[in-house]
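Analysis of the macromolecular model
Read off the chains here:
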Amino acid sequence: MASPFTILSNSPTPPPAAHPRPSWLRVRFFGGPNYQELKRTMRTLDLHTVCESARCPNMGECWEHGTATFMILGNICTRACGFCAVPSGKPLGPPEEDEPERVAEAVARMGLRYAVVTSVNRDDHPDGGAAIFARTIEEIRRRVPGCKVEVLIPDFRGVWSALETVIIARPDVLNHNMETVPRLYRRVRKGAVYERSLELLRRARELAPSTPTKTGMMLGLGETREEVLDAMKEIAAQGAHILTLGQYLQPTPEHLPIERYVHPDEFAEFKRAGEQMGFKHVEAGPLVRSSYHAFEQEESARG
């Protein structure tokens, strides 16, 4: 049987507006009692979730199952990446010092056994918010002993002492997303540097060899098959344990267009390639996002 990759081409493809969204990319909306209760908890405690801010297609499913990704350090990002729906601009003030306690309270109310914490970029802050990340991990552990904590961190502008601050707090998984292939960085990930993100993954592995490291990329932004595989090899060379691959979905008409819808068979082929490269767990599919099935990913990486 021929590889699904044979359908890929480096030639320009028609814009997705010329085609309806494929049937395998339909999202079922969940809005039951668990979804409503989680929404009330977030609003009562004045917390943000990346699920809402980034318009994640899995929000309904995850919220109905009582899981969400907390977004700390406010709701305004100091960068303006072309793919991201999180508002960008100048934050109104420094990070809120009581935010870690409020996140821990939400984790306790929800009875979580696995919490995921991410943030906006805070390039206006000396440590990029690393101390708040560390305190959030500590507060969750204090309020809910036994709850595992995964953090999805920014690059801290290459301030490695900030990375060390987070590592010292002993997260159960250290995640930093590469997002795309190096050729597309300037267009897709403004303010970021491909080599710097690779170095972060390498340093995290060196600082805490027993802590699973994780990263993810979006497909459908114009990358080629060879570029994806090359990036995967470079990521694997940093010792990363977990890789997630998902389809980019344009959040608004002002964001980067979708260049192509990637078929599930191609995601399956990338998954097999990643496993052969040595990743302990590869989660790949059109609706896969960094925190989707995060608990299962962590278990697999440690298995």
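Attention in this report is confined to the structure presented alongside it. As the structure is a computational prediction, the values presented were derived from the model and not from experiment.

For E283, the position within the fold is in strand β8 (residues 281-284). The charged side chain of E283 is buried without a salt bridge, its nearest counter-charge being K271 at 5.8 Å. There is a polar contact of 2.8 Å between the side chain of E283 and the side chain of H281.

The terminal C-alpha atoms of helix α5 (residues 130-143) lie 20 Å apart, and with 14 residues this matches the ideal 20 Å at 1.5 Å per residue to within 8%. Every buried residue of α5 is accounted for by A130, I132, F133, A134, T136, I137, E139 and I140. Residues of α5 that are buried sit in contact with β2 (69-72), α4 (99-110), β3 (114-119), β4 (148-152) and α6 (160-168).

This part covers the pairing of β4. The buried count for β4 comes to four of five residues, which makes it a mostly enclosed element. Inspection of the sheet shows β3 paired to β4 by five bridges, in the parallel sense. What sits directly across from Y114, in β4, is K148. In this region the chain leaves β3, passes through α5 and returns to the parallel neighbour β4; the handedness of that crossover is right-handed. By the bridge criterion, three bridges tie β4 to strand β5 (residues 173-175) in an arrangement that is parallel. Bridged to V151 within β5 is L174. With α6 bridging β4 and the parallel β5, this β-α-β connection has right-handed handedness.

We now examine the packing of aromatic side chains. Evaluated as defined, the whole model comprises two aromatic pairs. Both rings, one in F133 and one in F156, keep their centres 6.4 Å apart while their planes meet at 85°; by these two values the pair is edge-to-face. Residue F133 is located in helix α5, and its partner F156 is located in the loop between β4 and α6; the two are separated by 23 residues in the primary sequence. Each member of the pair, F133 as well as F156, carries the same accessibility label: buried. Here the aromatic rings of Y185 and Y194 are separated by 5.5 Å at their centres, their planes lie at 90°, and the arrangement is edge-to-face. A residue is classified by how much of its surface remains accessible, and Y185, at 4% relative accessible area, is buried.

A turn of α-helix holds 3.6 residues, and therefore any two residues three or four places apart point the same way. Counted at 1.5 Å a residue, the expected span for α4 with its twelve residues is 16 Å, and the 17 Å between its end C-alpha atoms agrees. Those residues of α4 that sit buried are E99, P100, R102, V103, A104, A106 and V107. A positive phi of about 65° marks G111, the residue just after α4.

Conventions and cut-offs
- Residues numbered from 1 in each chain as written.
- Predicted model: local features only at pLDDT ≥ 70, side-chain atom pairs only at ≥ 80, totals over all residues.
- Heavy atoms only, no water.
- Helix = DSSP H or I, 4+ residues; strand = E, 2+ residues; numbered from the N terminus.
- Buried < 20%, exposed > 50% of the residue type's maximum accessible area, 1.4 Å probe, protein only.
- Lys, Arg positive; Asp, Glu negative; His and termini not counted.
- Salt bridge = Lys/Arg side-chain N within 4 Å of Asp/Glu carboxyl O.
- Polar contact = N/O pair within 3.5 Å; in protein donor to acceptor, adjacent residues only side chain to side chain.
- Expected span 1.5 Å × (residues − 1).
- Contact = heavy atoms within 4.5 Å.
- Pairing = 2+ DSSP bridges.
- Right-handed = clockwise from strand over helix to strand, strands pointing away.
- Phe/Tyr/Trp six-rings, centres within 6.5 Å; stacked < 30°, edge-to-face > 60°.

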